[in-house]
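Chain residues, written in single-letter form:
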Amino acid sequence: VNKIRNAKLVLLGDVGTGKSSLVLRFVKGQFVEFQESTIGAAFFSQTVAVNDETVKFEIWDTAGQERYHSLAPMYYRGAAAAIIVYDITNMATFTRAKKWVQELQSQGNSSTIMALAGNKSDLLESRQVSSEEAEKYAKENGLFFIETSAKTAINVNDIFYEIAKKLLEG
Ligand code: GTP
Ligand code: MG
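Bear in mind the structure is a predicted one, so any value in this text is a computation, not a measurement.

K.L.:
A description of the packing of aromatic side chains should follow, citing residues and the corresponding values.
P.N.:
Going through the model one piece at a time under the given rule, you end up with seven aromatic pairs. Aromatic side chains Phe43 and Trp60 sit 5.0 Å apart centroid to centroid with 55 degrees between the ring planes, which places their arrangement in the tilted category. Taken together, the residues Phe43 in strand β2 (residues 41-50) and Trp60 in strand β3 (residues 53-62) connect sequence positions 17 residues apart. Among the residues examined, Trp60 registers a relative accessible area of 27% and is labelled partly exposed. Here Phe94 and Tyr137 contribute two aromatic rings whose centre-to-centre distance is 6.0 Å and whose plane-to-plane angle is 80 degrees, an arrangement assigned as edge-to-face.

K.L.:
Got a sec to walk through the site of ligand 1? Specific residues and values, please.
P.N.:
Around ligand 1 lies a shell of 24 residues, among which Lys19, Ser21, Glu33, Ser37 and Gly64 are the nearest. Interatomic distance of 3.1 Å between a side-chain N/O atom of Asn119 and a nitrogen atom of ligand 1. With respect to ligand 1, the backbone of Lys151 contributes an N or O atom lying 3.3 Å from an oxygen atom. In isolation ligand 1 has 660 Å² of accessible area, and contact with the protein removes 91% of it. With three residues, the top contributor of residues to the shell around ligand 1 is helix α1 (residues 19-28). Class assignment of the residues belonging to the shell around ligand 1 gives a composition of six nonpolar, eleven polar and seven charged.

K.L.:
Got a sec to walk through the coordination of the magnesium ion (ligand 2)? Specific residues and values, please.
P.N.:
Of the protein atoms, only Ser20 (OG) and Thr38 (OG1) coordinate the magnesium ion (ligand 2), at distances of 2.0 to 2.1 Å. Linking Ser20 in helix α1 with Thr38 in the loop between α1 and β2, this pair joins segments that are 18 residues apart in sequence. With respect to class, Ser20 is no different from Thr38; both count as buried.

K.L.:
Requested: an account of empty space enclosed by the protein, with residues and values cited.
P.N.:
On inspection of all chains with the given rule, the structure shows one cavity of 30 Å³ or more. Reported here for the largest cavity is a volume of approximately 80 Å³. Those elements that provide at least two residues to the lining of the largest cavity are β1 (3-13), α2 (72-76) and α3 (91-107). Split into classes, the residues belonging to the lining of the largest cavity amount to seven nonpolar, six polar and three charged.

K.L.:
Could you give an account of the layout of surface pockets, with specific residues and numbers?
P.N.:
Rolled over the atoms, a probe sized like a water molecule indicates the empty space that remains. One number sums up the size of the largest pocket: a volume of about 440 Å³. Lining of the largest pocket is provided by 26 residues; of these, Gly16, Gly18, Ser21, Gln35 and Lys120 occupy positions nearest its centre. Ranked by the residues each element gives to the lining of the largest pocket, the list is headed by α1, at three residues. Of the residues belonging to the lining of the largest pocket, the class tally is six nonpolar, twelve polar and eight charged.

Rules behind the numbers
- Residues numbered from 1 in each chain as written.
- Chains lettered and ligands numbered in written order.
- Predicted model: local features only at pLDDT ≥ 70, side-chain atom pairs only at ≥ 80, totals over all residues.
- Heavy atoms only, no water.
- Phe/Tyr/Trp six-rings, centres within 6.5 Å; stacked < 30°, edge-to-face > 60°.
- Helix = DSSP H or I, 4+ residues; strand = E, 2+ residues; numbered from the N terminus.
- Buried < 20%, exposed > 50% of the residue type's maximum accessible area, 1.4 Å probe, protein only.
- Near = heavy atom within 4 Å.
- Polar contact = N/O pair within 3.5 Å; in protein donor to acceptor, adjacent residues only side chain to side chain.
- Areas by Shrake-Rupley, 256 points an atom, 1.4 Å probe, with all protein chains shown as cover.
- Nonpolar A, V, L, I, M, F, W, Y, C, P; charged D, E, K, R; others polar.
- Donors = N, O, S within 2.8 Å, 3.2 Å for Na, K, Ca; no water.
- 1 Å grid on protein atoms, 1.4 Å probe; cavity = no way out; pocket = protein on both sides within 12 Å on 5 of 7 lines; lining within 4 Å.
- Points joined across faces, edges and corners; volume = space filled by probe spheres on them.

The structure is reproduced here in structure tokens:
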């Protein structure tokens, strides 16, 4: 029997890190160079099959612009999983990602599975955040870490698959 498990998932992270692009890649298999900045939040859904089970992600793609910060709790409250996204070419976005992790650890649900995504991994020549530094931070904070590229699709399905697996294990 193929059971379907619904799971609320939220993407958080600084403006321009590629949250919407990751979702667009995962849900529609597309990438656009001129993705518009999200206003408020956008909703998507997509399923992932793990063995004989299916996770249906209900995805909230939040807006990174600071003026929308106060809306974030509506989206991370009760979330089964959160993907915190930074841009490997921009150290300030990594700093912002750590702030999101802190906020989730203090305000969110302790059972929320947290993943840290270092996006834009195709832009290696502009890298500012080393994978070692991010990996170390993720380990210390109990996050699942992966570097992704919404542009090339590298590790995009993988991050959702890993989350689905953890949800089903948990
Ligand atoms: P807000 O909605 O403003 O919070 O931004 P966002 O996090 O949703 O970022 P968005 O997906 O809009 O991407 C911002 C810009 O980065 C767009 O021009 C994308 O095309 C580009 N971009 C996103 N992901 C990647 C990536 O993996 N590689 C490269 N090279 N560019 C990317
Ligand atoms: Mg967006």
